[in-house]
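So you can see what is in the structure, the chains are spelled out below.
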Amino acid sequence: MSNKRAVILAGGKGTDLRPYTVVLPKPLMPVGDYPILEVIIRQLAHFGFDHITLTVNHQADLIQSFLAMDLNGISKLIILWKISRLEQWGH
């Protein structure tokens, strides 16, 4: 096992992409045929990352539901870490 670790920061509101992010969080916005989050997770897995921590806040329930899908076994690599508004730095 390679012990490669990655952190994906996916907790923002995506205000730069409004009005699209009112309904769908930015990590689930499609790039081609797949949500950007899936593209990033698959690339990390392809390059040998075996532990992915995902920090979420805004619309975390939608991201969690997305991760509940199997993604061909890749989802088992992910630890979801929900941060509260009080834990966010710089705000």
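The helix and strand tally for the chain stands at two helices and five strands. Taken from the N to the C terminus, the helices and strands of the chain come in the order β-β-β-α-β-α-β. The buried share of the chain, taken over its 91 residues, is 37%. Sequence separation of 24 or more characterises 74% of the internal contacts of the chain that already satisfy a separation of 6 or more. When the accessible surface of the chain is totalled, it reaches about 6200 Å², and 60% of it is carbon and sulfur.

Another point: the packing of aromatic side chains. Scanning the model with the defined rule gives zero aromatic pairs in all. One residue, Lys4, lies across the ring of Phe49, its end atom 5.4 Å from the ring centre.

The strand order S1-S4-S5 describes an open sheet built from three strands, whose pairing is parallel. Edge positions in the sheet fall to strand S1 (4-10) and strand S5 (78-82), since each has one partner strand and no second. Between one strand axis and the next, the sheet turns by 20° as a mean value, whatever way the strands run. Pairing analysis gives five bridges linking strand S4 (residues 49-56) to S5, with the strands arranged parallel. Looking at S5, one finds that Ile52 is bridged to Ile78. Sheet strands in contact with helix H2 (residues 60-68) are S1, S4 and S5, and its direction is about 170° off that of S5.

Turning to the nonpolar core, a few remarks are in order. Across soluble globular proteins, nonpolar side chains have a tendency to be buried as a group. Grouped together as the largest cluster of nonpolar side chains are 15 residues, with contacts concentrated most on Ile8, Leu37, Ile41, Leu54, Ile63 and Leu67. Among the elements of the structure, S1, helix H1 (36-46), S4 and H2 are those that each provide at least two residues to this core. The element contributing the most residues to this core is H2, with four residues. Leave out the neighbours within four places in its chain, and Ile63 touches Ala10, Pro25, Pro27, Leu28, Leu37, Leu54, Val56 and His58.

Turning next to the pattern of salt bridges. Under the counting rule described, the total for this entry stands at one salt bridge. Arg42 serves as the salt-bridge partner of Glu38, at 2.8 Å between the closest nitrogen and oxygen. Of this pair, Glu38 and Arg42 both sit in helix H1, four residues apart, which is roughly one turn of the helix.

Moving on, we get to the packing of H1 against H2. Any two packed helices are characterised by how steeply their axes cross, that is the angle between the axes, and by the distance between the axes. Their axes nearest at 11 Å, the elements H1 and H2 cross at an angle of 50°. Overall, the two elements H1 and H2 adopt an arrangement that is oblique. For the pair H1 and H2, the sense of crossing is right-handed. Counting all contacts with H1, which are made through Leu37, Glu38 and Ile41, the residues of H2 involved are Ile63, Phe66 and Leu67. Partitioning the contact of H1 with H2 into residue classes produces five nonpolar, no polar and one charged.

Conventions adopted
Residues numbered from 1 in each chain as written. Predicted model: local features only at pLDDT ≥ 70, side-chain atom pairs only at ≥ 80, totals over all residues. Heavy atoms only, no water. Helix = DSSP H or I, 4+ residues; strand = E, 2+ residues; numbered from the N terminus. Buried < 20%, exposed > 50% of the residue type's maximum accessible area, 1.4 Å probe, protein only. Contact = heavy atoms within 4.5 Å. Areas by Shrake-Rupley, 256 points an atom, 1.4 Å probe, with all protein chains shown as cover. Phe/Tyr/Trp six-rings, centres within 6.5 Å; stacked < 30°, edge-to-face > 60°. Lys NZ or Arg CZ within 6 Å of the ring centre and 35° of its normal. Pairing = 2+ DSSP bridges. Axes fitted to C-alpha atoms, helices over the stretch in contact; angles between N-to-C directions. Core = buried A, V, L, I, M, F, W, Y, C linked by side-chain atoms within 4.5 Å. Salt bridge = Lys/Arg side-chain N within 4 Å of Asp/Glu carboxyl O. Parallel < 35°, antiparallel > 145°, perpendicular 65-115°, else oblique. Left-handed = near helix turned anticlockwise from the far one by under 90°. Nonpolar A, V, L, I, M, F, W, Y, C, P; charged D, E, K, R; others polar.

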